[in-house]
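Now for the letters of each chain:
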Amino acid sequence: MARKIAIAAALLAATSGAAAQQVRWPSVHSRVHKNPAIEIRIDRILRRMTLQEKVGQMVQADISAVTPQEVRDYKLGSILAGGNSSPGGNEKAAPADWLAQADAFWNASKSAKWAGEKIPLIYGIDAVHGHANLVGATIFPQNIGLGATRDPALIRRIGEVTASEMTATGFDWDFSPTLAVVRDDRWGRTFEGFSEDPSVTRSYAGMMVEGLQGRPGTRSFLGPGRVVATAKHFVGDGGTDGGKDQGDNLSTPRQLRDIHGAGYITAIEAGVQSAMVSFSSVRGQRMHSNKALVTGALKGDMHFDGLVVGDWNAHGQVPGCTATSCSAAYNAGLDMLMAPDSWKGLYASTLAEAKSGEIPMSRIDDAVRRILRVKLRAHLFEKGPPSSRPGAGNFALLGAPDHRAVARQAVRESLVLLKNRANLLPLSPKLNVLVAGDGADNISKQSGGWTISWQGTGLTNADFPRAQSIWSGIDEAVKSAGGHATLSVDGSFAAKPEVAIVVFGEDPYAEFVGDRPRSLEYSPADKKDLDLLRRLKAAGIATVSIFLSGRPMWVNPELNASDAFVAAFLPGGEGGGIADVVFRAAQGGVRNDFHGKLSYSWPRRADQTALNVGDKPYDPLFAFGYGLRYAQPGDVAALSEDRPAGGGLPEGVLFGRGTVPQGWSFAATPPTSVAMKGVDRRSQEDSRQLSWSGTGTASAIIQARPLLDVSRETTGQLSLVVDYRVDSPPTAPVTIGMGTAQVAIGSAVRAAPPGQWRTLAVPLGCFERGGAEMAKLDVALSITTSGRLGLTISDARILSATVPQDQCGAP
């Protein structure tokens, strides 16, 4: 018996805890070989560096929280432009402003008083689907669409274009490609992954790295027009439990290696020079403190000799750490910590920890050696200011015709045809075409997150001077062939069209804002798109749906109401690529057949997640690899429209469709002072009309049970956004609240024209500064006044909104 117990204990130890992380990863050998001359030069530089200079190399600051003078004073090794950061805080800054800012920081680092050799900084940005943070740049389809192309050579070309546009505006380093193998589509970053299948990610990773950096062993490698690439986020971010952003990956060690680690093999072989560590955890341990995986697997087994950088203050989530102090992350093997707004405190604590030996000097020197190695391989020591480099200042490269042609090809190849009843497609361009839906003439919506702004919101078509909406592309194709196209967002028409194209889908989002933990149902709180499709169907109009989304979604009702259905994912700035495929040539022949194949399985039910090829059982609506061609029968049998019980409202919605999340309540206190009733806005009783009697202080309150945690959203600078209509103006001050905090909104309410719908946005940080505990809110929303007021609320949600984070209301 004792022997059996010992054997069982040994087996348990082999599959859990630290022992489980000892699974060997592949022995990978980069095609970038160590250069003895570079290593000797690093030795020489290190010998002359002070400890302060070494620590400065290990800290990365964001341009919104550091000045050139501070870069000079602290001799920082790196800066970044985060998702919402830009020159002078202007997200729509001109390319010349970006380049001038890059020069200012570079000159500051070179003019510092160095003990030995002057060390240039390296400047990074998230150019994840083209250099899309900048106005005018070429915007490629998001990775989910690129995964559908199954075209590795195209991926390399996209990397080349992205790198050339980055160098034109002064950048050295791209935080791309994302190599997450997404296993639960509820994750808000699903669109950043190429596929649920590791073989697709593996086939793309090295090609994107080669495109950005150039091919090792040739003059192109990190030469003119090339940038340092980043394999991210190591490792397992696409496989967190429930698809929760920054959550916990419960995979076995072999699953972690074979599924989630697949892309790193070809990325390292192709010579990727940096790797970014994930926010997420693996079996309970934060990756930013996971020495077994960062030092053991990445640097040891896979022989990665570039630099390892952290993510945005992610080290602060390691137990025992804060954003300004985390020796555990450095000791785990991270070489540089991304401390965007906490860099000054992190510098001080890291210096103290190095002096005390808490971070061994051998670890400090290894980290700095890796950073210097990448800078030397990238020729940063020899390059002059960013504006003096080949291609710099050539802003005609941004959105250049040949670059846009590559993006348009990517759009054509990424489209997946899911349904084509009676072979409706391809359409004749000589028809009378109605184009409807709020995505038809909306470049922001077709591009998604990480486009000019972090969340891709707050933009208009005017912000995309070198891009084309889907409507514009259709109009161009139809007019040139002698047909007629009409844009009508709501689908109304005077003369009955011969065919309707309806473009609809998810609004833009980026990390954690896009999490959908309850359901994969498309737009559960608002069925306007489905209503539009059904109206057109009832009118006897053949209808083509162009669906924009960052993930496969449950759209059975929309599929039933469509004659043809195209999964366009997030095609980016070249909307004309849609028309290239769905319309015939003017002479009647097929211009471009559908090419795309699903790189993600499409759900049969709204609650069918996780859903991945190879699962047992595996019962998708459309399997991985599905994609019709014009020659194939395209009918789809009528689909079940049954919704799962308890699906509730989508994440981030506090009030919508006339209801609150399950278990919550919406009531008045005292109840005799505020009359409440359901009224119609878009559908029956989807809004709540509130009338204050003015007999004393009273509130309408949405009570959260269980408590609401919006701490991540607060850190991410999101806002409480409420749609409201003033029915009768206030006679006393009005406040809006979360938790215990109140923000004055009287001026906004008084200024709103009675009877007109308006939107109010209040940064979550305002409530936090007012004392609310954002991780434990019992009151999700309150509206309070002591006077008379008539107010109708139709929606309340947590969103990214273009409102200054210090704008906290006015009485």
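Residues numbered from 1 in each chain as written. Predicted model: local features only at pLDDT ≥ 70, side-chain atom pairs only at ≥ 80, totals over all residues. Heavy atoms only, no water.

Draft legend 1. Spotlight on the packing of helix α9 (residues 198–213) against helix α11 (residues 262–269). Orientation of α9 relative to α11, taken along the N-to-C sense of each, is 25°, at an axis distance of 7 Å. Here α9 is positioned roughly parallel relative to α11, judged by the angle of their axes. Crossing hand, α9 versus α11: right-handed. Every residue of α11 that contacts α9 at Pro 198, Thr 201, Arg 202, Ala 205, Gly 206 and Val 209 is listed here: Ala 262, Gly 263, Ile 265, Thr 266 and Ala 267. Classifying every residue of the contact of α9 with α11 gives 6 nonpolar, 4 polar and 1 charged. (Axes fitted to C-alpha atoms, helices over the stretch in contact; angles between N-to-C directions. Helix = DSSP H or I, 4+ residues; strand = E, 2+ residues; numbered from the N terminus. Parallel < 35°, antiparallel > 145°, perpendicular 65-115°, else oblique. Left-handed = near helix turned anticlockwise from the far one by under 90°. Contact = heavy atoms within 4.5 Å. Nonpolar A, V, L, I, M, F, W, Y, C, P; charged D, E, K, R; others polar.)

Draft legend 2. Here's a closer look at the sheet that holds strand β24 (residues 734–738). The sheet built from 5 strands is open, its strands ordered β19-β22-β27-β24-β25 with antiparallel pairing. In this open sheet, the two edge strands, each paired with only one partner strand, are β19 (665–669) and β25 (741–744). Each strand of the sheet is rotated relative to its neighbour by a mean of 20°, with strand direction disregarded. When β19 meets strand β22 (residues 698–708), the two strands line up antiparallel, connected through 5 bridges. (Pairing = 2+ DSSP bridges.)

Draft legend 3. Seen up close, the packing of aromatic side chains. In total, this model carries 19 aromatic pairs according to the counting rule given. Summarising the aromatic geometry, the rings of Trp 173 and Phe 175 are spaced 5.0 Å apart at their centres and angled 70° between planes, so their arrangement reads as edge-to-face. Here Trp 173 falls in the buried class, since its relative accessible area comes to 0%. On the basis of relative accessible area, Phe 175 is assigned to the buried category, the value being 0%. Among the aromatic residues, those joined into a cluster by ring pairs are Phe 504, Tyr 522, Phe 547, Phe 565 and Trp 602. A cation sits over an aromatic face here: Lys 75 above Trp 114, 5.5 Å from the ring centre. (Phe/Tyr/Trp six-rings, centres within 6.5 Å; stacked < 30°, edge-to-face > 60°. Buried < 20%, exposed > 50% of the residue type's maximum accessible area, 1.4 Å probe, protein only. Lys NZ or Arg CZ within 6 Å of the ring centre and 35° of its normal.)

Draft legend 4. Representation of the state of the cysteines in the model. Inspection of every chain in the model, using the stated rule, returns 2 disulfides. Cys 766 shares a disulfide with Cys 808; S-S distance 2.0 Å. Negative torsions about the S-S bond denote left-handed disulfides, and the value of about -85° found for Cys 766 with Cys 808 makes this one left-handed. Taken together, the residues span a long stretch of sequence, with Cys 766 in helix α24 (residues 764–769) and Cys 808 in the segment after β28 (788–799) at a distance of 42 residues. (Disulfide = S-S within 2.5 Å.)

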